Amino acid sequence: MVFFPHMAHKDGLRPGDSFAPEEWNYHESTELPPNSSLGEVFKFAHGLTKERNERRFPTPLHRTSHLVDGGGEVLDALRVENKEILRKVGAKVAMRIFNVLQGLGERDTALIDAVIEKYYFYSADTPEGGCCYCGEKPCVCGLDKPKKELVRADMPQEVREKLASWTFTDWQRYFDELYGANNRARGLTLTADRLTSEIIEANTASLRMSTAISPEHVDAQRKALLLELADSFAWLAGLYNVLGTSFENAPKLDDEFIAIYGNGCPNCKKFPCVCGAFGYVADRKQK
Ligand SMILES: [Zn+2]
Ligand SMILES: [Zn+2]
């Protein structure tokens, strides 16, 4: 039997298995309503892109490479200082983060769980969350993260449910409370630079996962990849926040994502998307 590292899954998914999305009303929710939770956005993205991604981006490594391509577009937009393009590219990066999770066969809660683990320090003193290194909100870490031993409390079910209902905008607000002042002081370039670093780290974890020699290594790299996707998401929210002088006047990822994907694929105008790997137009040119 051949070992396919990228397909080894904690629930036993193997090549040729289909990740069962029936309970997600696949192909039914063809519109993304405002105020959708992150999990609902993921389900919508899943319905929109599943067929195209299985055809064009069959492995997680294809998908993290596609995400890296988005990171390159972030740097291109930064170079010409075009905030409108940065916003648009940011929404594409969000979609590609979801595409990686989809390729891993992850559930709609996977990104939220990883984001909570990395960025929501929950304790009796910090029920509204805090930085997982210094425990504070706003974060008081300097460039070197403090070596403080923080003790987490078990998160009550109602808090977990509240976080599961959060929209992109709710998370963007949370990250602004946590890091907004620090990131604005560091500036747009350093924030975008950090986002692209995290995206590259996700690709590294994906590459390691695809070349792992044992199921244990696959699991470790899968876990690392999930946490890098959480980092990418956090810095994407950070990038949107520094596009404004405050959270209030910053563009919102919710608005941009809905504007681009809310009624189907922006390229082929279909739901589900029938594009090629690099959009409808490029695909037609190849024929
Ligand atoms: Zn901190
Ligand atoms: Zn399309």
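Quantities reported herein were computed from a predicted structural model and do not represent experimental measurements. (Residues numbered from 1 in each chain as written. Chains lettered and ligands numbered in written order. Predicted model: local features only at pLDDT ≥ 70, side-chain atom pairs only at ≥ 80, totals over all residues. Heavy atoms only, no water.)

Colleague: Which parts of the structure should I look at to understand the overall build of the protein?
Modeller: The helix and strand tally for the protein stands at 10 helices and 0 strands. Looking at the 287 residues of the protein, the share that counts as buried comes to 53%. In the protein, the proportion of contacts linking residues at least 24 apart, taken out of those at least 6 apart, comes to 74%. Total accessible area on the protein stands at roughly 14,000 Å², and carbon and sulfur atoms take up 52% of it. (Helix = DSSP H or I, 4+ residues; strand = E, 2+ residues; numbered from the N terminus. Buried < 20%, exposed > 50% of the residue type's maximum accessible area, 1.4 Å probe, protein only. Contact = heavy atoms within 4.5 Å. Areas by Shrake-Rupley, 256 points an atom, 1.4 Å probe, with all protein chains shown as cover.)

Colleague: It is not clear to me how the coordination of the zinc ion (ligand 2) should be interpreted in this structure. Could you clarify?
Modeller: In ideal tetrahedral geometry, four donors around a metal make angles of 109.5 degrees, whereas ideal octahedral geometry with six donors gives angles of 90 or 180 degrees. Bound to the zinc ion (ligand 2) are the protein donor atoms C265 (SG), C268 (SG), C273 (SG) and C275 (SG), situated 2.2 to 2.5 Å from the metal. Note that the zinc ion (ligand 2) binds 4 donor atoms; their angles at the metal cover 102 to 117°, and the shape is tetrahedral. Each donor residue of the zinc ion (ligand 2) lies on one chain, and together they are spaced C-x2-C-x4-C-x1-C. Linking C265 in the loop between α9 (253–261) and α10 (280–286) with C275 in the loop between α9 and α10, this pair joins segments that are 10 residues apart in sequence. With a relative accessible area of 1%, C275 lands in the buried category. (Donors = N, O, S within 2.8 Å, 3.2 Å for Na, K, Ca; no water. Tetrahedral: all angles 85-135°; square planar, octahedral: opposite > 155°, others 65-115°.)

Colleague: For this particular structure, what's the right way to read the coordination of the zinc ion (ligand 1)?
Modeller: Only C131 (SG), C134 (SG), C139 (SG) and C141 (SG) from the protein coordinate the zinc ion (ligand 1), and they sit 2.3 to 2.4 Å from it. Here the zinc ion (ligand 1) is ringed by 4 donor atoms whose angles at the metal span 102 to 116°, and the overall shape comes out tetrahedral. With a relative accessible area of 9%, C139 lands in the buried category. According to the relative accessible area criterion, C141 is buried, its value standing at 11%.

Colleague: Quick question: what am I supposed to make of α9 here?
Modeller: Since the α-helix turns once every 3.6 residues, residues separated by three or four places project in the same direction. All buried positions along α9 are accounted for by L253, D254, E256, F257, I260 and Y261. Lining the buried residues of α9 we find α1 (38–56), α3 (83–103), α6 (168–186) and α8 (215–242).

Colleague: Could you clarify how one ought to interpret the packing of aromatic side chains in this entry?
Modeller: The tally for this structure, following the rule as stated, stands at 17 aromatic pairs. Their ring planes at 70° and their centres at 4.7 Å tell us that W166 and W171 sit as a pair that is edge-to-face. Lying over the aromatic face of F247, K252 brings its terminal NZ or CZ to 4.6 Å of the ring centre. (Phe/Tyr/Trp six-rings, centres within 6.5 Å; stacked < 30°, edge-to-face > 60°. Lys NZ or Arg CZ within 6 Å of the ring centre and 35° of its normal.)

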